[in-house]
Amino acid sequence: MPLPSAPSPSPDRPRKSPALAIVLWSLVAAAGYGLYSGRLTVPERWNPWAPLDVMAPPDLLTSYKLSRARSDPEQCLAALGRTGMQYDVLPDRATAPGCGFDNAVRLRTAGVRIGAPLSLSCPMALSFFMWEKHALQAAAQQHFGQRVAAIDHLGSYACRNINRGEGTSPDVPGGSRSRHATANALDIAGFTLENGQKISLLNAWPRAAQGSAPRPEALMLSDAHAGACRFFNGVLGPDYNAVHRDHFHLETGGYRMCR
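Conventions we followed
- Residues numbered from 1 in each chain as written.
- Predicted model: local features only at pLDDT ≥ 70, side-chain atom pairs only at ≥ 80, totals over all residues.
- Heavy atoms only, no water.
- Helix = DSSP H or I, 4+ residues; strand = E, 2+ residues; numbered from the N terminus.
- Buried < 20%, exposed > 50% of the residue type's maximum accessible area, 1.4 Å probe, protein only.
- Areas by Shrake-Rupley, 256 points an atom, 1.4 Å probe, with all protein chains shown as cover.
- Contact = heavy atoms within 4.5 Å.
- Salt bridge = Lys/Arg side-chain N within 4 Å of Asp/Glu carboxyl O.
- Pairing = 2+ DSSP bridges.
- Axes fitted to C-alpha atoms, helices over the stretch in contact; angles between N-to-C directions.
- Core = buried A, V, L, I, M, F, W, Y, C linked by side-chain atoms within 4.5 Å.
- Parallel < 35°, antiparallel > 145°, perpendicular 65-115°, else oblique.
- Left-handed = near helix turned anticlockwise from the far one by under 90°.
- Nonpolar A, V, L, I, M, F, W, Y, C, P; charged D, E, K, R; others polar.

Chemist: I'd like a rundown of the overall build of the protein chain, residues and numbers included.
Modeler: For the protein chain, the helix and strand inventory stands at 6 helices and 11 strands. Within the protein chain, buried positions represent 40% of all 259 residues. Element-wise, carbon and sulfur atoms account for 56% of the exposed surface of the protein chain, whose accessible area totals about 14800 Å².

What follows is the structure, given as structure tokens:
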């Protein structure tokens, strides 16, 4: 009995050519090398290896460029120098086991009033600028037609453990160090608009139990929170737990979280 013959290829379905795939991958690789080496010129906005432009409106490559700048101390300080903020570079120091900072600055002035100077790691200061310029101010303009003039913060660097709100002191030996212990975190409790209006998270954050349509203050805070998740590695807000009911916890480094 003759064996059945193999079905002939459908005339309507052309065979895939391995040679074509090789050519396409070669073109992609050549374009990538051309961009990386500088032999192929494209606008910096669309060049993933171009330095972060801190003033440009965010696009699809901003998160990648920001992450790359934060991961390299020299690139981070170079990008921070283009922000216009005033700061002093701090010497690296260790203050206790798991506490201290390197590649940090003492931030004196920013696009908003910050009160007392803040000790922040360079990645944290860079993320703060990107958030303030490209997210916080946009939220204030959208809902109030004016800028944020000042922030009310609860501090940055502090040699302490994570406060989990479980009734234990954050200073108990052996606990996990907070990002505050390495100057990689900042807690923000509220904002002051140009007209002097104050907006606090404790009083204006949209609570699920409120039931009514959210006020402009609540909408602005929600947008500021969402914007922070684009520029920081970690963001915890009042909905996270009781410990954070009155502030945003913003941090760089570690796992990504937006709560």
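Chemist: Residues and numbers for the environment of H143, please.
Modeler: With respect to the helices and strands, the residue H143 is situated in helix 4 (residues 122-144). H143 sits 74 residues away from E217 along the chain, and the two C-alpha atoms are 7.7 Å apart. The contact partners of H143, leaving out residues within four places of it in the chain, are P216, L219, M220 and D223.

Chemist: Residues and numbers for the pattern of salt bridges, please.
Modeler: Applying the stated criterion across every chain, the model contains 5 salt bridges. D88 serves as the salt-bridge partner of R106, at 3.7 Å between the closest nitrogen and oxygen. One end of the pair, R106, is in strand 4 (residues 104-109); the other, D88, is in strand 1 (residues 86-90), and 18 residues separate them in sequence. By relative accessible area, which is 32% here, D88 ends up partly exposed.

Chemist: Residue-level account of the sheet that holds strand 1, with values.
Modeler: The strand order across the open sheet built from 3 strands is 1-4-5, with neighbouring strands paired in antiparallel fashion. Of all the strands in the sheet, the pair left with one neighbour each is strand 1 and strand 5 (118-121). Each adjacent strand pair in this sheet contributes to an overall mean axis angle of 30°, direction not counted. Pairing of strand 1 with strand 4, which is carried by 5 bridges, proceeds in the antiparallel orientation. Looking across to strand 4, one finds that D88 is bridged to R106. Most of the contacts of helix 3 (residues 73-81) go to strand 1, to which it runs at about 160°, and overall it touches strand 1 and strand 4.

Chemist: Describe the nonpolar core, with residues and values.
Modeler: Ranked by internal contacts, the top residues of the largest apolar core, which has 47 residues, are L126, F128, W131, F191, M220, F232 and L250. Dropping the residues within four chain positions of it, L126 is found in contact with L52, V54, L66, A69, R70, C76, A79, L80 and T83.

Chemist: Outline the packing of helix 2 (residues 62-71) against helix 4, supporting the account with residue identities and numerical values.
Modeler: Orientation of helix 2 relative to helix 4, taken along the N-to-C sense of each, is 155°, at an axis distance of 9 Å. The angle between the axes of helix 2 and helix 4 places the two elements in the roughly antiparallel class. Here the hand of the crossing between helix 2 and helix 4 comes out right-handed. Seen from helix 2, the contacting residues are T62, L66, A69 and R70; seen from helix 4, they are P123, L126, S127 and M130. Taken together, the residues of the contact of helix 2 with helix 4 sort by class into 5 nonpolar, 2 polar and 1 charged.

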